[in-house]
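Below, each chain spelled out in residue letters.
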Amino acid sequence: MRSLCFTFFMGLFTLTSVLNAQTGNRLEAQQAMAESSVEKHIRSSMQSLGTYSGYGFGDVQVLIPREILYLNELREGRKTAEGMKEYFGNRHDSVLRSYDTLISRQERVIKEKKVRDNYKITHIFSLKSKEKVRLMEGEFFLSANFKVKDVRLKMDVNLTFEENEWFLFFIKGSELFYTGTQQENVIRSAAVYDHYSSRLESFQGDKSELVLAILEAIHVIRVEQKYNPASIASAVIQNYMKRRPADFPVYMPGDFSKIEALYQTVSGKDVLVGYSVFHRFSVKGEGGMPELRCLYFELDPWFVVAGTMIAEAPYDRYFESR
């Protein structure tokens, strides 16, 4: 008996292993076909925008059409009804026949419409032209035969060639520090990358400002060899304003106040929610003459500008405690 039981369970184990292997092979094949299709689509439809470079794909996701979802619900409903004979009583057979009719009808609909699963995959890539590098993250929707049907951009930002070099530095995970031991440098660098990478992966809005803030932060940390919130905030804000010449014509940076960390109490603990700082600067005013201004900035924990407010004169009061 023990031998028969052992043989039986080993058979189940072997069958499960085979099924898992088949599922794994199918997912690998779907992933490969989705990636190949997306790359071909970009090279053919966006080649006029620049030279393509890919930086990684997310896992392919199966999108089950509502017609198939409804069929699955009917099958689950019938399966449940089979065990409810006592509940339905004399109506039990008619209930099962009703389910069979609905299931058969829905199967015909799926067959006639040729309804099949679709797919979705995300991809980060860039298109390099003579003037700039356009960095994008797209959500690609593919048909059952893996043809790209639609694209939704989750990020679309223009980088200078220098910013692109820092982006490559970031995605490679290059060491930021070189002042300690090799192990210490690796650990400190990994902590910074984890901080920013987790946010980049989880953020659901437009990632353009987040990427630019990350690149400024990586640059500052690498140059200064330390994590200095004041220096990072200063670099991010200056870049933010230079990219908005219509709002800040002929922008000339001045000084920054002492940066303040902002905390919020959550479950009895103080949690960092961002930073605040004042920035004094000049822009081209009426008549073409420089005009002194001051803005109050709030930034999130990753140094993305969350909001601004015009500061009222006299400005010196915002900078006295520095």
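Residues numbered from 1 in each chain as written. Predicted model: local features only at pLDDT ≥ 70, side-chain atom pairs only at ≥ 80, totals over all residues. Heavy atoms only, no water.

Observations regarding the overall build of the chain
So, step 1. Each helix and strand counted, the chain has 8 helices and 10 strands in total.
So, step 2. Taking 20 Å as the expected radius of gyration for a compact globule of 322 residues, we find that the chain reaches 29 Å, considerably beyond that expectation.
So, step 3. The 322 residues of the chain split such that 39% are buried.
So, step 4. A sequence separation of at least 24 residues applies to 57% of the contacts in the chain between residues at least 6 apart.
So, step 5. A total accessible area of about 20,000 Å² is found for the chain, and carbon and sulfur atoms account for 53% of it.
So, step 6. In the chain, the 42 positive side-chain charges and the 41 negative ones have mean positions that sit 8 Å from each other. (Helix = DSSP H or I, 4+ residues; strand = E, 2+ residues; numbered from the N terminus. Rg over C-alpha atoms; globule rule 2.2 N^0.38 Å. Buried < 20%, exposed > 50% of the residue type's maximum accessible area, 1.4 Å probe, protein only. Contact = heavy atoms within 4.5 Å. Areas by Shrake-Rupley, 256 points an atom, 1.4 Å probe, with all protein chains shown as cover. Lys, Arg positive; Asp, Glu negative; His and termini not counted. Charge placed at Lys NZ, Arg CZ, Asp CG, Glu CD.)

Looking at the environment of Ile103
So, step 1. Of note, Ile103 is situated in helix α4 (residues 92–113).
So, step 2. Residue Ile103 is classed as buried on the basis of its relative accessible area of 10%.
So, step 3. As a C-alpha pair, Ile103 and Leu71 span 32 residues in sequence and 6.3 Å in three-dimensional space.
So, step 4. Residues in contact with Ile103, not counting those within four places in the same chain, are Leu71, Leu74, Arg75 and Arg78.

Notes on empty space enclosed by the protein
Taking a probe equal in size to a water molecule and rolling it over the atoms shows the remaining empty space.
So, step 1. Throughout the structure, instances matching the rule amount to 1 cavity of 30 Å³ or more.
So, step 2. Lining the largest cavity are Glu209, Leu212, Ala213, Glu216, Val236, Asn239, Tyr240, Arg243, Val304 and Val305.
So, step 3. When residues of the lining of the largest cavity are traced back to their parent elements, those giving at least two are α7 (208–224) and α8 (229–242).
So, step 4. No other element matches α7, which puts 4 residues into the lining of the largest cavity.
So, step 5. In terms of residue class, the lining of the largest cavity is built from 6 nonpolar, 1 polar and 3 charged. (1 Å grid on protein atoms, 1.4 Å probe; cavity = no way out; pocket = protein on both sides within 12 Å on 5 of 7 lines; lining within 4 Å. Points joined across faces, edges and corners; volume = space filled by probe spheres on them. Nonpolar A, V, L, I, M, F, W, Y, C, P; charged D, E, K, R; others polar.)

Remarks on the packing of aromatic side chains
So, step 1. What the rule picks out here adds up to 14 aromatic pairs.
So, step 2. Ring centres of Phe248 and Phe281 lie 5.8 Å apart, and the angle between their planes is 90°; this geometry places the pair in the edge-to-face category. Of this pair, Phe248 sits in the loop between α8 and β6 (252–256) while Phe281 is found in strand β8 (residues 269–284), placing the two residues 33 residues apart along the sequence. Both residues of the pair, Phe248 and Phe281, belong to the buried class.
So, step 3. Three or more aromatic residues joined by ring pairs make a cluster, and in this case those are Tyr52, Phe125 and Phe140.
So, step 4. Above the ring of Trp302, the side-chain terminus of Arg199 is found at 4.4 Å from the ring centroid.
So, step 5. Note that Arg244 overlies the ring of Tyr240, its terminal NZ or CZ placed 3.7 Å from the centroid. (Phe/Tyr/Trp six-rings, centres within 6.5 Å; stacked < 30°, edge-to-face > 60°. Lys NZ or Arg CZ within 6 Å of the ring centre and 35° of its normal.)

With respect to the packing of helix α2 (residues 66–82) against α4
So, step 1. Between α2 and α4, the shortest axis-to-axis distance is 10 Å and the interhelical angle comes to 160°. Taken together, the axes of α2 and α4 lie roughly antiparallel to each other. Note on packing geometry: the crossing formed by α2 with α4 is left-handed. Each of Glu67, Ile68, Tyr70, Leu71, Leu74, Arg75, Gly77, Arg78, Ala81 and Glu82 in α2 lies in contact with α4, whose residues at this interface are His92, Val95, Leu96, Tyr99, Asp100, Leu102, Ile103, Gln106, Glu107, Ile110 and Lys113.
So, step 2. Taken together, the residues that form the contact of α2 with α4 break down as 11 nonpolar, 3 polar and 7 charged. (Axes fitted to C-alpha atoms, helices over the stretch in contact; angles between N-to-C directions. Parallel < 35°, antiparallel > 145°, perpendicular 65-115°, else oblique. Left-handed = near helix turned anticlockwise from the far one by under 90°.)

Considering the pattern of salt bridges
So, step 1. Summed over the entire model, instances satisfying the criterion amount to 11 salt bridges.
So, step 2. Notably, a salt bridge pairs Arg78 with Glu82, separated by 2.3 Å at the nearest N-O pair. Here Arg78 and its partner Glu82 are both found in helix α2, 4 residues apart, which amounts to about one turn of the helix.
So, step 3. Accessibility expressed as a relative area gives 42% for Glu82, which makes it partly exposed.
So, step 4. By sharing partners, the salt bridges in this structure join Arg78, Glu82 and Asp100 into a single network. (Salt bridge = Lys/Arg side-chain N within 4 Å of Asp/Glu carboxyl O.)

Here we look at the confidence of the model for the chain
So, step 1. Mean pLDDT over the chain works out to 89, with 92% of the residues at or above the 70 mark.
So, step 2. The spread of mean pLDDT over the elements of the chain runs between helix α1 (residues 2–45), the lowest at 69, and α8, the highest at 97.
So, step 3. Confidence drops under a pLDDT of 50 for residues 1–10, and excluding neighbours within four residues, the segment shows 0 contacts in the predicted structure.
So, step 4. Confidence drops under a pLDDT of 50 for residues 14–19, and excluding neighbours within four residues, the segment shows 0 contacts in the predicted structure. (pLDDT = per-residue confidence, 0-100.)

Topic: the pairing of strand β10 (residues 305–310)
So, step 1. Looking at chain direction, strand β9 (residues 290–299) and β10 are connected through 5 bridges and run antiparallel. Each bridged residue has a counterpart across the sheet, and for Tyr296 the counterpart in β10 is Met309. (Pairing = 2+ DSSP bridges.)

Here's the deal with the layout of surface pockets
So, step 1. Of the voids in this model, the largest pocket is the one considered here, and its volume is about 400 Å³.
So, step 2. If you trace the largest pocket, you find 16 residues lining it, with Ile124, Glu137, Leu200, Glu201 and Lys207 closest to the centre.
So, step 3. Listing elements by their share of the lining of the largest pocket, those giving two or more residues are β1 (51–57), β3 (118–128), α5 (161–172) and α6 (182–202).
So, step 4. For the lining of the largest pocket, the per-class residue count stands at 7 nonpolar, 5 polar and 4 charged.

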